[in-house]
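This is what each chain is made of:
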Amino acid sequence: MSKARIILPIEGMTCASCAATVQEALAGATGVSSAGVNFATNKAAIEYDAAQTNVGQLIKAVREAGYNCGKASVTFGITDLHYAPSVALLEQALARVNGVIRAVANQATETATVDYIPGVVSAEDLEKAVTSAGFEVAAPIAAEDPLERERIARSREVRTLTWKFVVAAVVTVLAMMGSMLLMADRPMGESGTMKQVDLTGRLLMPLAVSLRDWIAGQGWILELDWIKWGLALITLPVLVWSGQQFFKGTWSGFRHRTADMNTLIGVGTGAAYLYSIVATAAPSFFLRAGLPADVYYEAVAAIIALVLLGRVLEARAKGRTSEAIRRLAALRAKSAHVVRDGYETEIPVEAVVVGDLVIVKPGEKLPVDGVVTEGASAVNEAMLTGEPMPVAKKPGDEVIGGTLNTTGSITFRATRVGKETALGQIVQLVEDAQATKAPIQKLADRVAGVFVPIVIAIAIAAFVAWFDFGPPPQARALVFATVAFVTVLIIACPCALGLATPTAILVGTGKAAEYGILIRSGEALERLAKARTVLLDKTGTITEGKPTVTHIVTARKPDGTPMSPADVLKWAASVEQRSEHPLATAILKAAQDKQVALLPVEKFAAMEGRGVRGTVDRRIIEVISLRHARERSLELGSLGADADRLAAQGRSPVICVVNNTVYAVIAISDPIKPTSKTAVELLKRRGIPVVMVSGDSRNGAEAVAAEVGIDEVIAEVLPSQKADLVKKLQRDGGDIVMVGDGINDAPALAQANVGIAIGAGTDIAMEASDVTLIRGDLRAVFIAIELARRTMRTIRWNLIWAFGYNVLLIPVAAGVLYPVTGWLLSPVLASAAMAWSSLSVVLNSLTLRAFKTPGAASHAVLPQN
């Protein structure tokens, strides 16, 4: 099975029912293993078998459901294409790129045209495909920026909706004035007058009478029939232009046998307008029944105007929910100075390739990741590390794209470009997280999938009930039934259900990214909020992960003289040069600082959690842990007491053994991070127990734990045993958050309910972890948990509001309060309530942007507004 994953931008969705329809269509497509559609982001995250289906088939499934996928097109030149015997290989190579819909090459014009999914395909992907087919692009490909495309589309949507709303609002005001004149012609309490029953009619009646009296005072004669026809005429543009999207959506739903919010609004306003046309053209039908021929043109215009107003505000608010992604993207450089053919030239950053020599001048952003080859400077890496002080860079040092060069000019060789850079991976992780859903959304999704049919059934039931049991005569009952039918359709709001979870996740994960916290998915966010115990690895998590040798205590020779520390360091460093353990790094650095020449090592072997062994200068050299030395019953002599004393001081003692004889104790100290104690205090203050796990001796581990305020310590644990330890804690104490360095802690990170990996600037895409901390500041663990809890609290309130709104107001719209209060809910008020319900959910989610963690004096990584 060839697994693939893609995120498709979906066009045409207007509510959660639309998202449920698209999700069902994709989930049922051949080869699709899972599909999730996010209404807030208008994106579908799909996992599928590339051997069974492709992007074109997925798009076809979306279209068959009545919706569409956003796509872009780019045409670029191919060098010497007209000399090629065939373009088939080129077209096939381009078509194989994940996210490409169609690729066509033209030999006559020496160009290739590619239709692709924005955000999935990059210019680099297309250029690689061209190269793999044996061709070369004539110039760098200028693929469309998906974020800019989304911004432009959102701006265009807001602008169009605003103009449609303005037209509908103006017509609504005029229609209200005409309707009030018609209303004033029938005094309050006149039998059979529906306008006196609904709440809006009662509120407007005094104003209607005043308007009628003022017009009469001007000597004008009102012809009521002409007013009705005038209202019908001015309302028509609102239906045809302002509300066209609702009727198009309704028709599309009928064609594809689906129903969504467009169906509710289209059927509701269409029924109200047709009813009013009948009342205008054939008033005798109502008059014979002793009823005035009420018209609802003002309700039709007001419903569409208010729904459009809600859409405008909702679109603007949804645009703000994804602001973190845009601010991340803004950190990228737009262009780069590279050396090509011996000359410096400026090219778009998308055209930089691995191996290019890139020149960065003072004040410029580094365009991609690389290694310095020439020059020296200080680079501000605050966007990744959070440290405000610039870091000195010299030849051989690694630099990160998006960081700012401050002083000198440097030249570096590009090692990662495009999506592979640290910043590119961060953006990708945040985008992926924002395209996912939290498990708490499942109930809302199930309800949204059947919401519209249920609402239509309730509306029909309300119509039948009023028609059969409404106040006599029958024509009056018909009026009440029609108003109840329209009001139920208009007030129902599946949008709020669809926006409740994803908008909060959008803002929550974006806010987390501002603090250098990358949350992989909505599911990880929800699990993080349930954290009951935090398990902290020691080395590289609580401590700096930069150990140094502090003491070398040597044994005495048979003649009583001490052995040479330099000799011990030479042997230990020689065997450790083949190891990647942090303690080995400390010993090698000590040898380098003391200019000790290393010897070649043979028969090297690493003993997990115990140490290393090798042959150096015909001697068997071992550098092992104190625990392992005692397990083997090696003769430590006075060095045993020295080792215990150093361990009690928080240092890690390792034993240097030569030919099975203990020669020395080497003490290594790993400084504790300045923020570790504060982080532990904050977690404990919130009632979250903190446990430290370490492979060090118990004395050394307890000394570190005591310094940072951790009460429970599990020491002398091998890396392979950490996952089993997590399992045991899960059985005993519930949800476990494991925090480690993402290397030897990977099994434990994967086993934990939430694995939090400490990143190292560029190493941020850690597969085993659910959350990655770009910086090593442990306070970010506390911030992540607090933000997750706040986000989940916001989601719960959103869902309570979304469900509560529909459960309470749909019966009111159907008329259950009429026997008690004597009035029905006006369709106009229903449309206002519906628009507010969606907007309130989005606005409530946006409150997460103001999140500040009490007690954590950690500053954000991204620039704040």
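Residues numbered from 1 in each chain as written. Predicted model: local features only at pLDDT ≥ 70, side-chain atom pairs only at ≥ 80, totals over all residues. Heavy atoms only, no water.

**Student:** Tell me about the overall build of the protein, and name the residues and values.
**Tutor:** On a plain count of helices and strands, the protein comes out with 30 helices and 29 strands. By the burial criterion, 55% of the 865 residues in the protein qualify as buried. When contacts within the protein are restricted to residue pairs at least 6 apart in sequence, long-range pairs at least 24 apart make up 70% of them. Accessible surface computed for the protein: about 36400 Å², of which carbon and sulfur atoms make up 57%. (Helix = DSSP H or I, 4+ residues; strand = E, 2+ residues; numbered from the N terminus. Buried < 20%, exposed > 50% of the residue type's maximum accessible area, 1.4 Å probe, protein only. Contact = heavy atoms within 4.5 Å. Areas by Shrake-Rupley, 256 points an atom, 1.4 Å probe, with all protein chains shown as cover.)

**Student:** Give me the pattern of salt bridges: which residues, what numbers.
**Tutor:** Oppositely charged side chains are able to pair whenever their charged atoms sit close together. Evaluated as defined, the whole model comprises 21 salt bridges. For Glu 526, the salt bridge identified is with Lys 530, shortest N-O distance 3.8 Å. For Glu 526, a relative accessible area of 10% gives the class buried. In this structure, Asp 593 and Lys 589 form a salt bridge, with 3.1 Å as the shortest nitrogen-oxygen distance. Of the two residues, Asp 593 and Lys 589 are both situated in helix α21 (residues 582–593); the distance of four residues between them amounts to about one turn of the helix. What makes Asp 593 exposed here is its relative accessible area of 53%. One continuous salt-bridge network, built from bridges that share partners, spans Asp 369, Glu 398 and Arg 416. (Salt bridge = Lys/Arg side-chain N within 4 Å of Asp/Glu carboxyl O.)

**Student:** So what about the sheet that holds strand β3 (residues 43–49)? Which residues, and what values?
**Tutor:** Working definition: the strands of a sheet are paired by backbone hydrogen bonds and lie parallel or antiparallel to each other. Reading across the sheet, the four strands line up as β2-β3-β1-β4 and stay open at both edges, with antiparallel pairing between neighbours. Whereas interior strands pair on both sides, the edge strands pair on one side only; in this sheet they are β2 (32–38) and β4 (68–69). Of the strand pairs in this sheet, strand β1 (residues 3–11) and β4 are connected by two bridges, and their pairing is antiparallel. Bridge pairing in β4 links Ile 10 to Cys 69. (Pairing = 2+ DSSP bridges.)

**Student:** Lay out the packing of helix α1 (residues 16–27) against helix α15 (residues 442–469) in plain terms, naming residues and giving numbers.
**Tutor:** Following both chains from N to C, one finds α1 and α15 inclined at 105°, their axes separated by 8 Å at the closest point. As judged from the angle between their axes, α1 and α15 are roughly perpendicular. From α1, Ala 16, Ser 17 and Ala 20 reach across to α15, where they touch Asp 445, Ala 448, Gly 449, Phe 451 and Val 452. Partitioning the contact of α1 with α15 into residue classes produces five nonpolar, two polar and one charged. (Axes fitted to C-alpha atoms, helices over the stretch in contact; angles between N-to-C directions. Parallel < 35°, antiparallel > 145°, perpendicular 65-115°, else oblique. Nonpolar A, V, L, I, M, F, W, Y, C, P; charged D, E, K, R; others polar.)

**Student:** Hey, could you go over the environment of Lys 60 for me, with residue numbers and the actual values?
**Tutor:** In this fold, Lys 60 is placed in helix α2 (residues 55–64). Classification of Lys 60 by relative accessible area gives partly exposed; the value is 45%. Between the alpha carbons of Lys 60 and Ala 29 there is a distance of 9.6 Å; along the sequence they are 31 residues apart.

**Student:** Just give me the short version of the side chain of Glu 786, but keep the residues and values in it.
**Tutor:** Looking at where Glu 786 falls in the secondary structure, it is placed in helix α28 (residues 779–814). The exposure class of Glu 786 is buried, given its relative accessible area of 14%. Discounting chain neighbours no more than four positions away, the residues touching Glu 786 are Arg 686, Phe 851 and Thr 853.

**Student:** Pulling in residues and values, what's your account of the packing of helix α17 (residues 494–514) against α28?
**Tutor:** At a minimum axis distance of 8 Å, the contact between α17 and α28 shows a crossing angle of 165°. Judged by the angle between their axes, α17 and α28 are roughly antiparallel. The element α17 and its partner α28 pack so that their crossing is right-handed. Across from Ala 496, Leu 497, Ala 500, Thr 501, Thr 503, Ala 504, Ile 505, Gly 508, Lys 511 and Ala 512 in α17, the residues of α28 making contact are Leu 787, Thr 791, Thr 794, Ile 795, Asn 798, Leu 799, Ala 802 and Phe 803. When its residues are assigned to classes, the contact of α17 with α28 shows 11 nonpolar, six polar and one charged. (Left-handed = near helix turned anticlockwise from the far one by under 90°.)

**Student:** Quick one: what's the story with the side chain of Lys 538, residue by residue and with numbers?
**Tutor:** Along the chain, the position of Lys 538 falls in helix α19 (residues 538–542). We classify Lys 538 as buried; its relative accessible area is 3%. Not counting residues up to four positions away in its chain, the partners in contact with Lys 538 are Thr 543, Ser 652, Met 692, Val 693, Ser 694, Asp 696 and Val 704.

**Student:** I'd like to hear about helix α20 (residues 565–576), residue by residue, with values.
**Tutor:** Side chains three or four residues apart in an α-helix point the same way, a direct result of the helix having 3.6 residues per turn. Taking 1.5 Å of rise per residue, the 12 residues of α20 would be expected to cover 16 Å, and the 16 Å separating its terminal C-alpha atoms lies within 8% of that figure. Every buried residue of α20 is accounted for by Val 568, Leu 569, Trp 571, Ala 572, Ala 573, Ser 574, Val 575 and Glu 576. (Expected span 1.5 Å × (residues − 1).)

**Student:** Run through a nonpolar patch on the surface, naming residues and quoting values.
**Tutor:** Together, Trp 163, Val 166, Val 170, Val 173, Leu 174, Met 177 and Trp 241 make up a nonpolar patch on the protein surface, roughly 670 Å² of accessible area in all. Tracing the backbone through its elements, the reader meets Val 166 in helix α5 (residues 146–184). Of the residues examined, Val 166 reaches a relative accessible area of 34% and is grouped as partly exposed. (Patch = residues over 30% accessible without salt bridge, like charges linked within 9 Å, V, L, I, M, F, W, Y side chains within 5 Å.)

**Student:** Please set out the nonpolar core residue by residue, giving values where relevant.
**Tutor:** Among the nonpolar cores identified, the biggest contains 174 residues, and Leu 26, Phe 76, Leu 94 and Ile 517 are the most heavily contacted of them. Per element, the largest residue contribution to this core is 17 residues, and it comes from α28. Here Ile 517 is in contact with Ala 512, Val 771, Thr 772, Leu 773, Ala 780, Ile 783 and Ala 784, once residues within four sequence places are set aside. Counting 24 residues, the second-largest nonpolar core is a separate cluster that includes Val 568, Ala 573, Tyr 663 and Ala 664. (Core = buried A, V, L, I, M, F, W, Y, C linked by side-chain atoms within 4.5 Å.)

**Student:** Can you explain the pairing of strand β16 (residues 410–416)? Please cite residues and give values.
**Tutor:** One ladder, built from four bridges, connects strand β10 (residues 357–360) with β16; its direction is antiparallel. By the bridge assignment, Ile 359 is partnered in β16 with Thr 411. Judged from the six bridges that link them, strand β11 (residues 369–375) and β16 form a sheet pairing that is antiparallel. Pairing of Gly 375 across the sheet is with Ile 410, part of β16.

**Student:** Account for the sheet that holds strand β23 (residues 652–658), with residues named and values stated.
**Tutor:** Taken in spatial order, the six strands line up as β19-β24-β23-β22-β21-β20 in an open sheet, and their pairing is antiparallel. Edge positions in the sheet fall to β19 (548–554) and β20 (601–607), since each has one partner strand and no second. Averaged over all pairs of adjacent strands, the angle between their axes in this sheet comes to 20°, without regard to strand direction. Note that strand β22 (residues 619–625) and β23 share five bridges and pair antiparallel. By the bridge assignment, Ile 624 is partnered in β23 with Ile 655.

**Student:** Outline the environment of Val 171, listing residues and values.
**Tutor:** Note that Val 171 resides in helix α5. Residues Val 171 and Tyr 297, spaced 126 residues apart in sequence, show a C-alpha to C-alpha distance of 9.7 Å.

**Student:** Which residues make up α17, and what values do they have?
**Tutor:** End to end, α17 covers 31 Å across 21 residues, agreeing with the expected 30 Å (1.5 Å per residue, within 8%). In α17, a bend of some 40° at Ala 500 exceeds every other bend along the element, and Pro 502, a proline, comes one to four places later. Buried residues dominate α17, accounting for 21 of its 21 residues. Within two residues after α17, Gly 516 carries a phi angle of roughly 75°, on the positive side. (Bend = angle between axes of the 7 residues up to and from the residue.)

**Student:** Give a description of the packing of aromatic side chains that names residues and reports values.
**Tutor:** Tallied over the full model, the rule gives seven aromatic pairs. Their ring planes at 90° and their centres at 6.5 Å tell us that Tyr 515 and Phe 851 sit as a pair that is edge-to-face. Placement of the pair is Tyr 515 in the loop between α17 and β17 (517–519) and Phe 851 in the segment after α30 (827–846), with a sequence separation of 336 residues. For the pair Tyr 515 and Phe 851, a shared accessibility class is recorded, and that class is buried. An aromatic cluster is defined as three or more aromatic residues linked by ring pairs; in this entry it consists of Phe 463, Phe 467 and Phe 485. The ring of Trp 241 has Lys 164 sitting right over it, with the charged end atom 6.0 Å from the ring centre. (Phe/Tyr/Trp six-rings, centres within 6.5 Å; stacked < 30°, edge-to-face > 60°. Lys NZ or Arg CZ within 6 Å of the ring centre and 35° of its normal.)

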